[in-house]
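# Close look at the chain arrangement
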Amino acid sequence: MPELKARFAELFGSTPELVAQAPGRVNLVGEHVDFLDGFVLPFAIEDVTTVAIARTVQPTIRIASLQQTDEIFVVQMKDLAPMTGEAWTRYPIGVIWAMRDSLDFRGGFDILIDGKVPLGAGLSSSAALECAIATALNHLFNLNISEPVLARIAQKGENVYVGMPCGIMDQSVSIMGRKGSALLLDCRDLSTEHIPFNISPLGLELLVIDTQVHHALVDGGYAERRASCEKAVAVLGITSLRDISVADFVARKSELDETTYIRAFHGVTEMKRVLDGVAALKAGDYKEFGQIITASHISLRDNYTVSCPELNVAVDTALSLGALGSRMIGGGYGGSAIALIRADQTENMKKAIASAFAAAGFISPRFFTSLPSDGAQIVK
Ligand code: GLA
C-alpha cells in the first residue's frame, strides 16, 4: 500500500483520494448457469486487486498498473466508447463508462492499479479490477449504490465496453463475498445466503490448480454455449432453465436438437447440483459435497464441453489420489481446477499433479490454496 501511494505520487504528481480493493473468486459449484437465472456457489479469495484513485480537473482518464510497463494510458472522457482502447484498460474504463450518468462530474481520474489476483488463471482478475473501480467510485461520489446494483454496473462495463457476454457471478461475489462463507447467489434477483465453508478445522483444504493454459476460442465458445441454452428456453417456451425440473426437461428431449439439448441439460442439472451442494454443506456432509462437485466437472467435460486435457488431468489425478471432489472452474478451456482434499495430502497431491502434467507434456501447473474472504472494501 505505501508502495502504491508512492508510485501514484511519482506517476501523477498527487496523492490518491482513496484506495479500494476487490477480490477474485473460485466457484465451488454452479458453472455456466449465472446467465441462465441460475444458482451459483462461489467464494471470494484472499487475492485482491487494489486501485488508488484521484479526481482530476482535466476531463481525462490516466491509468497505470504496477504489473504493466511504466506506460500511462490516457483517454479523454468524451472519447469513452465501447470496444475501444487497449485491451486491459477496457475493464476499469468500462466501469467508469457504465457509471457515467451517476457521476455528475466534469473532470477526469488518475488511477493506479495493483493486481494481485493471478492473471489468466480463471480466478476472475477482471471482475476484481472492475469491482475495485466500482467500489472506489461509489465511495468517492457518495453514491450509496447497493451491492447488487454495483455488481450489475461492473457486469455492464464488461458486457458492453469490453464485449464479453459474462454473467453476474464474478462481480457479485467480488462485491458481496464474506470471510468464512461461500456465497449462494440467486442470479435471478441477486439475493444471497452466506453458507459457512470453514474447512480448516475439519482438516480439509481447497487446492486450486492453475493449468497455466488458456486455449483459443474461449470467448466465442462461451457465447455460443450461452446461445444454445437461450435457444432451449425459447423452444421450450419457458422463462428460464431454472423453471423446469430435470425430469420434465428430459421428457421434452425430442423438442430440441442434440447440441441444444445436451448443453441445456448441463444447465438444468447444474442448478440442481448447487442446491444439493448447499444442502450437503449445511448437513456437514463433505463427502457428498465432493461427489457433487465432481459430477459438475463430468457434466462440464462431457455435456457442456468446456474442459480441456490439462483440466481433466488435474481433476483425474486429484481424484485418483483420494480427493473428496474435484472440478474445473470458471469459463473453461484452461484456467484453474479445484480439488477438495485432506490438508495432509496437499504436498503429495501437488507433486502427483505436477508429474502427471510433465508426463503428458503440459507446461507446469501452479498451485494455490484459498479460504473464503471478504468482498470489496475501501482500504483508506
Ligand atoms: C466466466 C463468467 C461468469 C460465469 C463463468 C462460468 O467466469 O465471467 O459470468 O459465466 O464464466 O460459470
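Before any of the text, the structure's been laid out above.
What comes next is a walk through the structure. (Residues numbered from 1 in each chain as written. Predicted model: local features only at pLDDT ≥ 70, side-chain atom pairs only at ≥ 80, totals over all residues. Heavy atoms only, no water.)

### As for the pairing of strand β3 (residues 60-65)
A large share of β3 lies buried, amounting to five of its six residues. Relative to strand β4 (residues 73-76), β3 runs antiparallel, the two being bridged by four bridges. By the bridge assignment, Thr 60 is partnered in β4 with Gln 76. One ladder, built from five bridges, connects β3 with strand β5 (residues 108-115); its direction is parallel. By the bridge assignment for β5, Ser 65 is matched with Ile 113. (Buried < 20%, exposed > 50% of the residue type's maximum accessible area, 1.4 Å probe, protein only. Helix = DSSP H or I, 4+ residues; strand = E, 2+ residues; numbered from the N terminus. Pairing = 2+ DSSP bridges.)

### Considerations on the site of the ligand
Around the ligand, the neighbouring residues are Arg 25, Glu 31, His 32, Asp 34, Phe 35, Cys 166, Gly 167, Met 169, Asp 170, Tyr 222, Gly 330 and Gly 331. Residue Arg 25 places a side-chain N or O atom 3.0 Å away from an oxygen atom belonging to the ligand. For the ligand, an oxygen atom lies 2.6 Å from a polar atom in the backbone of His 32. Taking 300 Å² as the accessible area of the ligand by itself, protein coverage stands at 94%. With respect to the detected pockets, the ligand is housed in the largest pocket. Residues that form the shell around the ligand fall into these classes: four nonpolar, four polar and four charged. Mapping the shell around the ligand onto the domain boundaries places at least three of its residues in each of domain 1 (2-195 + 374-379) and domain 2 (198-369). (Near = heavy atom within 4 Å. Polar contact = N/O pair within 3.5 Å; in protein donor to acceptor, adjacent residues only side chain to side chain. Areas by Shrake-Rupley, 256 points an atom, 1.4 Å probe, with all protein chains shown as cover. 1 Å grid on protein atoms, 1.4 Å probe; cavity = no way out; pocket = protein on both sides within 12 Å on 5 of 7 lines; lining within 4 Å. Sits in = over half its atoms within 2 Å of the grid points. Nonpolar A, V, L, I, M, F, W, Y, C, P; charged D, E, K, R; others polar. Domains from an automatic or database assignment.)

### Side note on the nonpolar core
The biggest cluster of nonpolar side chains holds 89 residues, and the ones touching the most others in it are Ile 61, Ile 96, Phe 109 and Leu 241. Taken domain by domain, this core gets at least three of its residues from each of domain 1 (2-195 + 374-379) and domain 2 (198-369). Discounting chain neighbours no more than four positions away, the residues touching Ile 96 are Ile 61, Met 77, Leu 80, Leu 103, Phe 109, Ile 111, Ile 133 and Leu 137. Of all hydrophobic cores here, the second largest spans 30 residues; its members include Leu 28, Leu 184, Leu 204 and Ile 292. (Core = buried A, V, L, I, M, F, W, Y, C linked by side-chain atoms within 4.5 Å. Contact = heavy atoms within 4.5 Å.)

### Things to note about the environment of Cys 229
Relative to the assigned elements, Cys 229 resides in helix α7 (residues 218-236). Residue Cys 229 is classed as buried on the basis of its relative accessible area, which comes to 0%. Sequence separation between Cys 229 and Val 33 is 196 residues; the distance between their C-alpha atoms is 9.3 Å. Ignoring anything within four residues of it in the chain, the contact list for Cys 229 reads Leu 36, Leu 241, Arg 263, Ala 264 and Tyr 304.

### Focus: the packing of helix α4 (residues 125-140) against helix α6 (residues 169-176)
Axis separation between α4 and α6 bottoms out at 9 Å; the angle between their running directions is 55°. Relative to α6, α4 is oriented oblique. For the pair α4 and α6, the crossing hand works out as right-handed. Facing Ala 127, Ala 128, Glu 130 and Cys 131 of α4, the residues of α6 in contact are Asp 170, Gln 171, Ser 174 and Ile 175. (Axes fitted to C-alpha atoms, helices over the stretch in contact; angles between N-to-C directions. Parallel < 35°, antiparallel > 145°, perpendicular 65-115°, else oblique. Left-handed = near helix turned anticlockwise from the far one by under 90°.)

### Looking at the environment of Ala 182
The topology assignment puts Ala 182 in strand β6 (residues 181-186). For Ala 182, a relative accessible area of 0% gives the class buried. Spatially, the C-alpha atoms of Ala 182 and Arg 242 are 21 Å apart, while their sequence positions differ by 60 residues.

### Remarks on α6
Counting buried residues along α6, eight of its eight residues qualify, which places the element largely inside the surrounding structure. Restricting attention to buried positions, one finds in α6 the residues Met 169, Asp 170, Gln 171, Ser 172, Val 173, Ser 174, Ile 175 and Met 176. Residues of α6 that are buried make contact with β1 (18-29), β2 (39-56), α4, α5 (147-162), β6 and β7 (191-196).

### What to know about the pattern of salt bridges
Using the criterion set out here, one finds 22 salt bridges in the structure. Measuring nitrogen to oxygen at the nearest pair gives 2.8 Å for the salt bridge that ties Lys 231 to Asp 257. Taken together, the residues Lys 231 in helix α7 and Asp 257 in the loop between α8 (246-251) and α9 (258-282) connect sequence positions 26 residues apart. Judged by its relative accessible area of 43%, Lys 231 falls in the partly exposed class. Taking the relative accessible area as the measure of exposure, Asp 257 reaches 35% and is therefore partly exposed. Through salt bridges with shared partners, a single ionic network connects Asp 37, Arg 188 and Asp 243. (Salt bridge = Lys/Arg side-chain N within 4 Å of Asp/Glu carboxyl O.)

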